Amino acid sequence: MLKKDPRHISLMDHDGNDIIDNYYGNDIFDETSTENVFTFIWHCQTAQYYSKPIVTDENGHYHGMPFYWTHNDDMNCWDDSGDQVYLGWVEGSPQFEYPAAGSWNYAHFAYYFWYYMCNGDTTEEALNNVCQTIFGVQYLSDYCPVKDWLIVWGDRTQTLP
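A short tour of the structure in this document, coming up. Predicted model only: the values in this text are computed from it and were never measured. (Residues numbered from 1 in each chain as written. Predicted model: local features only at pLDDT ≥ 70, side-chain atom pairs only at ≥ 80, totals over all residues. Heavy atoms only, no water.)

Observations regarding a negative patch on the surface
For the record, the criterion: Excluding any residue in a salt bridge, patches collect residues exceeding 30% relative accessible area, merging like charges within 9 Å and nonpolar Val, Leu, Ile, Met, Phe, Trp and Tyr side chains within 5 Å. In this description, accessible areas are obtained by the Shrake-Rupley approach with a 1.4 Å probe, and a residue is regarded as covered only by the protein chains that are shown. Any Lys or Arg side-chain nitrogen found within 4 Å of a carboxyl oxygen on Asp or Glu counts as a salt bridge. A residue counts as positive if it is Lys or Arg and as negative if it is Asp or Glu; His and the chain ends are not included. Charged groups are reduced to one reference atom each: NZ for lysine, CZ for arginine, CG for aspartic acid, CD for glutamic acid. Each helix corresponds to a stretch of at least 4 residues labelled H or I by DSSP, and each strand to a stretch of at least 2 residues labelled E; elements are numbered beginning at the N terminus.
A contiguous patch of negative charge on the surface is contributed by Asp18, Asp27, Asp30 and Glu31. With respect to the helices and strands, the residue Glu31 is situated in the loop between β3 (25–26) and β4 (38–41).

Thoughts on the pattern of salt bridges
Defined as follows: Three labels apply to residues, based on accessible area from a 1.4 Å probe with only protein chains included: buried if under 20% of the type maximum, exposed if over 50%, partly exposed otherwise in between.
Under the definition given, this model contains 2 salt bridges. Between Glu124 and Arg156 there is a salt bridge whose closest N-O contact spans 3.1 Å. In this pair, Glu124 sits in helix α3 (residues 123–135) while Arg156 sits in the segment after β6 (150–154), placing the two residues 32 residues apart along the sequence. On the accessibility criterion, Arg156 (17% relative accessible area) is buried.

A few points about the sheet that holds strand β5 (residues 85–89)
For clarity, the cut-off: A pair of strands counts as paired when DSSP detects no fewer than two bridges linking them. A fitted line through C-alpha atoms represents every axis, and for helices the fit uses only the stretch in contact; the resulting angles, taken between N-to-C directions, go from 0 to 180 degrees. The contact criterion used throughout is that any non-hydrogen atoms of two residues lie within 4.5 Å.
Overall, mixed pairing links the 3 strands, which are arranged β4-β5-β6 in an open sheet. Both outer strands of the open sheet, β4 and β6, are each paired with one neighbouring strand and no more. Each strand of the sheet is rotated relative to its neighbour by a mean of 15°, with strand direction disregarded. With 4 bridges joining them, β4 and β5 adopt parallel strand pairing. Residue Phe38 lies in a different strand from β5, and its bridge partner there is Val85. Contacting β4, β5 and β6, helix α2 (residues 106–118) crosses the sheet at an angle of about 175° to β4.

In short, geometric facts, not functional conclusions.
Next up, the structure:
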């Protein structure tokens, strides 16, 4: 009998289907590969449950969106080496807790992050630039509201492929 896994994390697809990354299935893992060099999932709790070494549960399923999307079991948080990067949120998302700053909102955060990335910034540079623009501080500053919410697994020096 299958047990309920407390580490349930999933995404809803465009048709409203629950795409499962948990005890019951490998929906994402089966459709992705190491070809995902740059992954940013803008959804609550998508950077959680990544551990080294990656192990399967009693049903033979893996856990954690970073592994599901990259198939990489050797990424470190805020690393400066490797050939992949995964960005995601832990716990919830700050957008549901408090406003960004002044007239800014988190849509601006997403927009400017991709703007900087598309103009050749590394992941680290883009995060610093967008956080400076919206919050007036660098990403790793103790005063940056997204520092402990938005997690970077893998190579922070990665640019868009």
